[in-house]
Amino acid sequence: MLTAKQRELLIFINQRIKETGVSPSFDEMKEALELRSKSGIHRLITALEERGFIKRLAHRARALEVLRLPDDVSPDRTRIGASGFRPSVIEGGNQQNKPAPADSSPDVEEVAILGKIAAGTPIAAIQHEHDRFAVPKSMLRSGEHFALEVEGDSMIDAGIHDGDHVIIQRSDDAGSGDIVVALVDDEEATLKRLRKKGASIALEAANAAYETRIFGPNRVKVQGKLVGLIRQY
């Protein structure tokens, strides 16, 4: 028998692994369950492991495997009351590390690749279109979209790896907690989680090796919100 919090955490871990291929970080679990400290997450993880619902994977940082779900929970359950990154993910074969070219299928839409985006130290602003590829329409939302190739590892705990192609919904606004393409001082573009803190804007990495950067509101312009990614092997 699981407590409400144990059950909620198990469902969250299972869904995040299904959607991104990686288990969530302890910070993401803490935020999802609205706990005040990570020590509570450690206790819940230990309890779930002792009851045979999850397993910690040896020699892999914070890697978890869901062994089973409660009998009354469908494996396809997709939602708990939490915010955070839940992208659509496509994993494809390696074709010189490029996404599939655009085609005429009614189920796909052409998206422009606008260059590379740093998920670590910021780089020069987004480049002009240099290629296009096909993205399933089910991955897209309303409005215009574009794609960028990720460089760096600062968002790895959100399931975003170096070499991934992220799909961005063009927007000049985002909610606190959204992962965005942010333009800093009109010259540096970076992929980070946005946090609104009073009149300030924080750009937060998903990797403990990177510090959160805080700016005045006029220094950061949102260019778009992350809606999905394509990973090549």
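The model shown is predicted, which means the values in this text are computed figures rather than measured ones.

What counts and what doesn't
- Residues numbered from 1 in each chain as written.
- Predicted model: local features only at pLDDT ≥ 70, side-chain atom pairs only at ≥ 80, totals over all residues.
- Heavy atoms only, no water.
- Helix = DSSP H or I, 4+ residues; strand = E, 2+ residues; numbered from the N terminus.
- Buried < 20%, exposed > 50% of the residue type's maximum accessible area, 1.4 Å probe, protein only.
- Polar contact = N/O pair within 3.5 Å; in protein donor to acceptor, adjacent residues only side chain to side chain.
- pLDDT = per-residue confidence, 0-100.
- Contact = heavy atoms within 4.5 Å.
- Core = buried A, V, L, I, M, F, W, Y, C linked by side-chain atoms within 4.5 Å.

**Notes on the side chain of T190**
1) Next: With respect to the secondary-structure elements, T190 resides in strand 10 (residues 188-197).
2) Next: Residue classification places T190 among the buried residues on the basis of a relative accessible area of 1%.
3) Next: Side-chain polar atoms of T190 contact the side chain of K192, separated by 3.1 Å.

**Quick notes on the confidence of the model for the protein**
Should the pLDDT be low somewhere, the predicted coordinates at that spot are not to be read in detail.
1) Next: Mean pLDDT for the protein: 81, with 80% of residues reaching 70 or above.
2) Next: Across residues 76-86, where pLDDT falls below 50, the model places 26 contacts with residues more than four positions away in sequence or in other chains.

**Observations regarding the nonpolar core**
Nonpolar side chains in soluble globular proteins tend to end up buried together.
1) Next: With 20 residues, the main nonpolar core has I117, L148, I160, V166, I168 and L191 as its most contacted residues.
2) Next: Looking at this core, the elements with two or more residues in it are strand 4 (108-118), strand 7 (145-151), strand 8 (165-170), strand 9 (179-184), strand 10 and strand 13 (220-232).
3) Next: Excluding residues within four positions of it along the chain, I168 makes contact with E144, H145, F146, L148, V181, L191, G224, K225 and L226.
4) Next: Membership of the second largest hydrophobic core comes to 17 residues, among which are L2, L9, L10 and I54.

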